[in-house]
Structure formats: C-alpha cells, structure tokens
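# Chain and residue survey
Here is what each chain is made of, one letter per residue.
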Amino acid sequence: MEMGGLPLELWRMILAYLHLPDLGRCSLVCRAWYELILSLDSTRWRQLCLGCTECRHPNWPNQPDVEPESWREAFKQHYLASKTWTKNALDLESSICFSLFRRKRERRTLSVGPGHEFDSLGSALAMASLYDRIVLFPGVYEEQGEIILKVPVEIVGQGKLGEVVLLASIDQHCSTTRVCNLVFMPAWFSPIMYKTTSGHIQLDNCNFENGHIQVHGPGTCQVKFCTFKNTHVFLHNVPLCMLENCEFVGSENNSVTVEGHPSADKNWAYKYLLGLIKASPILLPAENRDFLMSLDLESRDQAWSPRTCDIVIEGSQSPTSPASSSPKPGSKTGSQEAEVGSDGERVAQTPESSDGGLSPSGEDEDDEQLTYRLSYQVQGPRPVLGGSFLGPPLPGASIQLPSCLVLNSLHQELQKDKEAMALASSVQGCLIRKCLFRDGKGGVFVCSYGRAKMEGNIFRNLTYAVRCIHNSKIVMLRNDIYRCRASGIFLRLEGGGLIAGNNIYHNAEAGVDIRKKSNPLILCNQIHHGLRSGIVVLGNGKGVIRNNQIFSNKEAGIYILYHGNPIVSGNHIFKGRAAGIAVNENGKGLITENVIRENQWGGVDIRRGGIPVLRSNLICFGYSDGVVVGDEGKGLIEGNTIYANKGCGVWMMSSSLPHVTSNHVSYNGLYGVAVFSQKDGSGEFPGGHGAQENFSEDGDAILWETDLEKEDDPLRRPVTIALVESNSINHNGASGLFVQSSEALQVITNVIHANGDRGITIVQSSQLTRVANNSISCNRQSGVKVEAQCKVELRGNGIYDNRGHGIITKGDSTAVVENDIIGNRGSGLQLLPRSDTKVLKNRIHSFRAYGIAVRGRVKALVQENIIFQGKTNKTIFQQVTNNRECIMQNNKFLVFKKKSDTWRLVNPPARPHLENSLRGSSAAHSGQKVTAMATRITARVEGGYHSNRSIFCTIL
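The structure reproduced in this document is the subject of the present report. Quick caveat: nothing in here was measured; it's all calculated off a predicted structure.

The helix and strand tally for the protein stands at eleven helices and 84 strands. Counting over 956 residues, the protein shows a buried share of 59%. Contacts spanning at least 24 positions in sequence make up 57% of the contacts within the protein whose residues lie at least 6 apart.

Rendered as structure tokens:
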C-alpha cells in the first residue's frame, strides 16, 4: 500500500515526529490517514504515553513489564481522566446569563521558583484566578502556614517527579483543584498534607510521604499514578472516590480508611467520576477451568443397577445321579472347601473378585442341580457424580472430574446469581483499582457503614490486607493477597459484601476471617498455601462460601467454630495438610456439593459440639479418613459420596451423636463406617487441630461463648442415639461397619456389600447396638460377627452370599430375630462357646455348611425358625456337644424330597423390608432416587437396597 507515492513504512517514520495535536489533525484527513495514525500504536503512541510527565506506565505499579492492549487507548483514557477537574468550568459557564456574549477568559500560567514571578506557592495563590495553572520549578518549597484554596487552580511541578518538593498543609475550600508531579511532605505544624470537605481534588503522578490526606463527603477525589509512603488516606462519608494505579508503602497504620455511609449529598464531580468508572471495563478474571485439578473419577453404573444372581449348588439329590461326575465350571473341589479359622469363623477360599461375589457358573449346568435365584431392585440415595457409582480407583491413573463437578468461572457464577452480579457492578464510596499495597501494617480499613470496591490490586507483606467492620460492605474482585502476617481479609461486626475472583495465599493466619455476624459472599477465589486455615468462620459469623478452590493450606481448608454458621457449597477443597473442613466448638454450617479430596487428615472433621449439615459432597482420595466425628461431635451427614480414602470412610467416636444417612461409602482402605470409644494411637486433634488458631483480635483473649446468637435450625433434629441409616457401604478394605463402642448405636436400612472383611464386626458394645433391616451381602468373610460381652439385636436383616458364616456370635446378650440368612458359604448362624443368644423366627440356609452350628457349651433359645437344606442332608443343624442350655423349639426343617419341591420366601417377603423403616426425611430427600432395571449377572453379585416387593428366593 502506498499513499501519495510513498511507502507505508516511510509515512510511519515521518508521522513519528509529529506532536499530539498534529496527529489528531492528520487523523481527520480521510479514512486511510485515520487508519495510518492508528497503526502507530507501538511506536509514536507508546512514546507519547511514556514521555508524559503527568502519568506513568499504564500497568504501573503491579505489572510495569506488561504492555497494554493499546498504547493509544491507554493514553486517551489518561488524557480524558486528567481533564475531569475542569468539567465544573463548563457547568459554570453554561449557567451564566448571556454566556454567548461573554468573551472566554484565557487561563494564565503562574511560575513559582527562584528567578521567576513568585517565590512561594502562597504568594502565587493570592494572585490566581479561576482555573489558572501554577507551575513550580525544581526546588524545595516550605509553607509556614496553612494554605487555603479559595479558587479552582492547577498546581504542577516542572521537570521529573522528585525535583519539586512541597512541605505544606493545604485546605481546599473551592469546588475543584488538580495537583500533578509533586512530592508532598507535611509541614512542621500539622501532619495533614491535604484536606477537602466539599470540593473535588485530582492528584496525578505525585509522591506523598509521612502524612495524612483527608476527604470528607460530599467531597470527592480522583487519584492516579501516585505513591504514598507511610501516608494515611482518610475518606469520610465520601459519595465516590477513585484511587487508580497507586502504590502504598510502609504504612504504620492503615493505608486507606473508608469510614461512614456514602453521603447523600453529592458534589458536581460525582456524575463525571461515575461516567469514567462505567466507561472502563470491569476487572473480571478470564474463563479458567479447574486447571489445578486433574481428577479422573471414572463413573460406573453397575452398583446402582438391580441384580440377578444365579447360585448353583453342586451335588445330586437324585439316586440316579453319577457319584463321580467331573466338576463343572465354577465348581468347588475338595481343596476349595471352606476352612475354619482359629475363632471358628469360616472363610471361603474362592478366587478373587472385585466385588466379593461368587465364581462364575456355567450356562450348561445339569438339570438336576439346585438353583437359588435372587433378584434385586436397587433403591438408594443418588450419588454426587451424575447419579452413577464410582468404580475401583486405578492406581496412578490421571483423573478427570465429570463436567457436573468442574468449577464454574466467575462470569458464569455471576450470570446465575443476580444479587452477586449487582454487587460486582455496584460503585459506591471508594473505588481502589490496580493499586499496590506493600510492606506496611494495614491495607484498606472499611468501617462504620463504609463502602469500598477493590479491583485488580496487590496486597503483600502487610499485617493484614483488608478489614471490614461495623455494618460496612466491600466488593473485592481479582486481587492478589499474599504474605500477610495475620489474616488476609478480616470481617467482623456484621461486615459483608462480595469477595470474588481473588488469589489469596501464603498468609500467616486465615486467608479470610469471618466473625460476629458478618455475612459476605465468597465466590470463585483461590485460597491456598496458607500457614494456617484457608477460611475461618467463628463467633456467629455467617457467609456464603461458593465455588472456590481451597488447597494446600497447613490447617483446615475451612474452619468453623464458636457458632459460626456459613453456607459452604460447590467448592474444591484439596491437598490440605490437615482436614478439608473442620467444625469444632459448637460450629454449625450447611456444607453441600463440595469436592473434598487428597487432604492429609479427615476430609471433614467434626468435634466438640460441632453440628453441621454435611450433604451431597464428594469426599475422596484422602490420606486418612473421609469423615471424622470426634468427641461430642454431632450433625447430619447425608447423601455424600465417601470414596477411596486411605483410612475409614466414616470414623466416629462413641461419645458423638451424628446422624449418618443415605451416604455412599465405598473403596476406602479400612472400615466403611467405624465407631470407636477412642482412636488408637493418635491424639484427640490430629493434624494441628489440638493447637487452635489465635482467633482473638490483635492478640487479646476473647470469650466467644458469651453473647452468642441462639436460634433454632430446622435442618438439625435432636439426636439422642448415634444413627447410621440408609447408607450404601461397599467395597471397603476391611469390615463395612466396625463397632467398638460404649454407647448405644442404631444401624438401620443400610446396604453393606462386598467389603474386604466382614459385613459388620462388633467387638465391643456395652449398651445395645441395634442392627435392623439391613442388606448384608457378598462380603469376603462373615456377614456379621459379634464378639464376647456385646449387647446386640439383629432384626429384619437380609444376610446373603457372604463368603464366611452368615452370623457368628460370642455375645452374652444377642438377639437374632426375623432375619433372612441365605446362601452364605459358611454356616448360616454359628454360636460360639459362652454365648447367650436368642434365635427367633429366622429363615436360614447355607451352601455347604450347617444352617445353625452350635460350637461348645452355649446358652441359646432357638425357636420358630425355618431352616432350609443346603448341599447335602447334613446341612441343617449341628450341635457339637450335648448342651441342655441350648433349647430348640418349634423350628421347621425343610429338606428335598423330590425335584418338583418348590419353596418361596413369602409371608413375609424376603428381607430387608425398607418401607416401614425409612425415616420420612431421608426417604423424601431430593438427593435420593429409585433406579430399577433387570439384569442377569452370573459372574458376580452386586449390592443395593432391597425393596420388599422386588426380591424373591426360589429353591428348586
């Protein structure tokens, strides 16, 4: 392209010598010239922007090495902003009568300095008229008395910044003033360097050292490219102030204080400042998917499907069957018979199976073989991950979260939450944008109904970054807050607002500290690598904590205590060196739909009166337990997926009173649910919870238990006995449920399936442990084992297909009533020496062992049971010794007589019966659903909740 015969590159070289007015005139020649002027962005426009003594690099002080998207646009924005102070002149001229006939007065320039017209600033101001320009030449100017500005003027330093130093105390009484390119220091008689109560002050490219600046409403201020060294900016009742691209260094107190509700009275500059703010783009973070996370939780649907299991029992009941037939596929030889352990517990020696099921049986079995058919329809809580079941974790595999669990961007969250969008868009009080606060005590202090908005700032090496108290409101967007010596953001006394899109890290105390009825919205932040907790909520603090990444903190990611009661939802809390969420000292909270993973201690830790609602969370891959309910812990734990933790899924102390319901607890390294009198070998507060954080303000001890809010919470029902109900507990490394407790416990309507040891193990139960209406199936050893001196009631359970015995008991007070004990590899029920057991109205069957086996001298009442024959005629009842204390009454023994005999589990149908057992709130909760399918599985047995109309057992 050529213009006027000259190449385009040559035109650019020529135009690079033009000044700003000439560039403007050239851009008006034609469209081609306009585009040519625009093409000078990285050359001439950059030179003009950086060469201007009234401004600095557009990204100073936070990113001085990063070029703006357009140098011309940055220069234009600064030029327009620098003229704000003169907008009042247009308003005045337009209001004067006969303005068309008045001659416009030219602005004068008054020079101050040695050899110039005036020797001091005071003498120049005495001669100044409206909107005159006063130029101070290089030197140090010290005013001996307070300077009162009565007319609008512009005070500018000549030369480079730092060559003109002014020691003065200025009190502005006029409507507007601009100060540029000066170094301000306080006069000897007052620390106040500048003050205004009603007018507008514009400060550009100045340094302020060791003093105060005060602006009182309805006064306004616009500050840009200024440095404040140990200087306090005090804004009282201001309707609107702007601080942009400023640096605050070495403050001995707060750098900026915003006090009082914005004044309803507004001066002339308010509308112009508001227009500038609305013209500039809001600083929202770019779309960032969860780049710090690489989970790949592969979903499986198998465990949430109904199951059909064909169990084939070898052996012929016909006298014409061959005695030496070869074993069929899936049959057991003599070497594969069940073995009896030292404690009398039978363990079937079968090939390994991922779900603890049986070995495959062939499709071409003899017609004369006996078949037991069990068909299940699954009813249970919907898990977090899209209603699907989590399969076994794959070691070393990269893990990708399903789309339903990936964090939304801030933009997406604001689109969904109109209230948050309104907060993010609001401008009231003070706007602090692109500023740097460093190496001092405090950053921004907002108090007494003050309003402040902070965007794109950096707070570093301070005692604290932001404090918001006394009914004040803050909006914080995309700030960096790090290396604070206390908490990063501190809210108390009903402070609130929006804290969104910030990067908060490496702080000595909590990243965000919420106390005393403060109620902020904390949204889409990254809070990480803190030396203590990520977020702390205490002393009746509230708040909504949503969609944040909270990771790699030394203590709990979120710590709730002393009646703190936040709503915690949709966060990713991971790789903490202690618990993911800790609820302590009567803390509360509604904790829903979070991903809590890879924490060193419990995913959620509840102790000492903590009473949260923990609902629909994914708690996985922890290096310890999934959920820990310690001493005196309470709360509702409902509808969570607790998966692949190295310790237990849920660990409870017997002194705690939680309600554990409708959870999916699977593939954990130890027990699915464990109840202990005390935790062996570890202190009460693992991972640093024993030494509490310093939650007092400024080191003073505060008793948070006094003057605390008392309120009734409908989400928390009083629980007098620990309750484990309606959970799916499967594929855990040890027992599904382990009880070593000195307190009463109820275990109701759970599915306990395919665990690596027993289904339920009870080794200590000083008070009654009630196990009712559970499905206990396909566990690697016995379905239920009760040790000596335990008080246990087993009622209405379905105990199926376990590799050991159905029930084995040594307990001195055990009641086994109305259970279905079917298809287990060992005995259906084994009574060990010195046990005291009542066995009433059960239906019992065993594959290869006895229906009921009595070992040694036991005290038992075996009455009104139905015992089915198993593999041979000898598999109904066994009594090792003649024991008169074992009373057998009114039992029915069913044996095969001919091939056409058929028995069905009817009147009542097969157990467990759920509909009369499920509590109303659990069954009706939205986190539950029913899935019904018909699938035939011959290789293994899947687990699930059983509906009393959908299970049947046919013995042919």
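That covers the picture; the talk isn't over yet.
What follows concerns the side chain of aspartate 204. Structurally, aspartate 204 is set in strand E13 (residues 200–204). Overall, aspartate 204 belongs to the buried group, its relative accessible area being 2%. Within the structure, the side chain of aspartate 204 is placed 2.9 Å from the side chain of arginine 178, a separation counted as a polar contact.

On to helix H3 (residues 31–38), then. Within the sequence span of H3, burial applies to Trp33, Leu36 and Ile37. Buried positions in H3, seen along its axis, are confined to an arc of 100° and lie on one side of it.

You can see glycine 456 is positioned in the loop between strand E31 (451–455) and strand E32 (458–468). Residue glycine 456 is classed as buried on the basis of its relative accessible area, which comes to 11%. Measuring from C-alpha to C-alpha, the distance between glycine 456 and methionine 476 comes to 8.5 Å, with 20 residues separating the pair along the chain.

Attention now goes to the side chain of threonine 257. With respect to the secondary-structure elements, threonine 257 resides in strand E21 (residues 254–259). Within the local environment of threonine 257, its side chain forms a polar contact with the side chain of histidine 232, the two groups lying 2.7 Å apart.

This part covers the pairing of strand E30 (residues 436–447). Where burial is concerned, most of E30 is hidden: nine out of the twelve residues are buried. Here strand E20 (residues 247–249) runs beside E30; their pairing, made up of three bridges, is parallel. Paired with valine 249 across the bridge in E30 is arginine 438. As judged from the five bridges shared by E21 and E30, these two strands associate in the parallel manner. When the sheet's bridge partners are listed, valine 256 is paired in E30 with valine 444. Note that E30 and E32 share eight bridges and pair parallel. Across the sheet, the residue bridging to valine 444 is valine 466, located in E32.

A contiguous nonpolar patch, built from Leu10, Met13 and Ile14 and spanning about 270 Å² of accessible area, is present on the exposed surface. Position of methionine 13 among the secondary structure elements: in helix H1 (residues 8–15). Residue classification places methionine 13 among the exposed residues on the basis of a relative accessible area of 55%.

Further remarks concern the packing of aromatic side chains. Enumeration according to the criterion identifies 15 aromatic pairs in this entry. Measuring from ring centre to ring centre gives 4.8 Å for tyrosine 482 and tyrosine 505, while their planes differ by 10°; the resulting arrangement is stacked. Taken together, the positions of tyrosine 482 in strand E34 (residues 480–482) and tyrosine 505 in strand E37 (residues 503–505) put the pair 23 residues apart, joining distant regions of the chain. Look at tyrosine 482 and you get buried, because its relative accessible area is 12%. Look at phenylalanine 621 and tyrosine 643: their rings are 5.7 Å apart centre to centre, the planes differ by 90°, and that puts the pair in the edge-to-face class.

Moving on: the packing of H1 against H3. Between H1 and H3, the least distance of the axes is 10 Å, while the angle of their chain directions is 70°. Here H3 runs roughly perpendicular to H1, going by the angle between their axes. Crossing handedness for the pair H1 and H3: right-handed. The residues of H3 that touch H1, namely those facing Leu8, Trp11, Arg12 and Leu15, are Trp33, Leu36 and Ile37. Residues that form the contact of H1 with H3 fall into these classes: six nonpolar, no polar and one charged.

Once that is clear, we can look at the state of the cysteines. Inspection of every chain in the model, using the stated rule, returns zero disulfides. For cysteine 226, which is in no disulfide, the shortest distance to another cysteine sulfur is to cysteine 206 and amounts to 4.8 Å.

A separate point is the environment of glutamate 585. Tracing the sequence through the fold places glutamate 585 in the loop between strand E47 (581–583) and strand E48 (590–592). Sequence separation between glutamate 585 and arginine 607 is 22 residues; the distance between their C-alpha atoms is 7.0 Å.

Time to look at unusual backbone geometry. Cis geometry marks the peptide bond from asparagine 907 to proline 908, where omega comes out at 5°. Take proline 908: it is sitting in the loop between strand E82 (903–904) and helix H11 (920–924). Cis geometry is adopted by the peptide bond preceding proline 912, which originates at arginine 911 and carries an omega value of 5°. Considering the arrangement of structural elements, one finds proline 912 in the loop between E82 and H11.

Summed over all chains, the structure comprises 25 salt bridges. Here glutamate 413 ties to lysine 416 by a salt bridge, and the two come within 3.3 Å at their closest N and O atoms. Here glutamate 413 pairs with lysine 416, and both are found in helix H9 (residues 410–416), just three residues apart, close to one helical turn. A relative accessible area of 3% means that glutamate 413 is categorised as buried. Taking relative accessible area as the criterion, lysine 416 reaches 58% and is therefore assigned exposed. Of the charged contacts in the structure, one is a salt bridge between arginine 758 and aspartate 757, with a shortest N-O distance of 3.4 Å.

Remark: a regular strand shows side chains that alternate across the two faces of the sheet. Where strand E65 (residues 760–772) meets strand E68 (residues 790–795), five bridges bridge the pair, whose relative direction is parallel. Looking at E68, one finds that serine 765 is bridged to cysteine 790. Bridge count for E68 against strand E71 (residues 813–817) is five bridges, and the pairing is parallel. Bridge pairing links arginine 795 to valine 817 in E71.

Moving on: the environment of glycine 541. With respect to the helices and strands, glycine 541 occurs in the loop between strand E41 (535–538) and strand E42 (544–546). The spatial distance from the C-alpha of glycine 541 to the C-alpha of isoleucine 560 is 8.9 Å, given a sequence separation of 19 residues. Sequence-distant contacts of glycine 541, that is, excluding residues within four places in its chain, are made with Ile514, Arg515, Lys516, Lys517, Ser518, His563, Gly564, Asn565 and Pro566.

So, how was this worked out
- Residues numbered from 1 in each chain as written.
- Predicted model: local features only at pLDDT ≥ 70, side-chain atom pairs only at ≥ 80, totals over all residues.
- Heavy atoms only, no water.
- Helix = DSSP H or I, 4+ residues; strand = E, 2+ residues; numbered from the N terminus.
- Buried < 20%, exposed > 50% of the residue type's maximum accessible area, 1.4 Å probe, protein only.
- Contact = heavy atoms within 4.5 Å.
- Polar contact = N/O pair within 3.5 Å; in protein donor to acceptor, adjacent residues only side chain to side chain.
- Arc of directions from axis to C-beta.
- Pairing = 2+ DSSP bridges.
- Patch = residues over 30% accessible without salt bridge, like charges linked within 9 Å, V, L, I, M, F, W, Y side chains within 5 Å.
- Areas by Shrake-Rupley, 256 points an atom, 1.4 Å probe, with all protein chains shown as cover.
- Salt bridge = Lys/Arg side-chain N within 4 Å of Asp/Glu carboxyl O.
- Phe/Tyr/Trp six-rings, centres within 6.5 Å; stacked < 30°, edge-to-face > 60°.
- Axes fitted to C-alpha atoms, helices over the stretch in contact; angles between N-to-C directions.
- Parallel < 35°, antiparallel > 145°, perpendicular 65-115°, else oblique.
- Left-handed = near helix turned anticlockwise from the far one by under 90°.
- Nonpolar A, V, L, I, M, F, W, Y, C, P; charged D, E, K, R; others polar.
- Disulfide = S-S within 2.5 Å.

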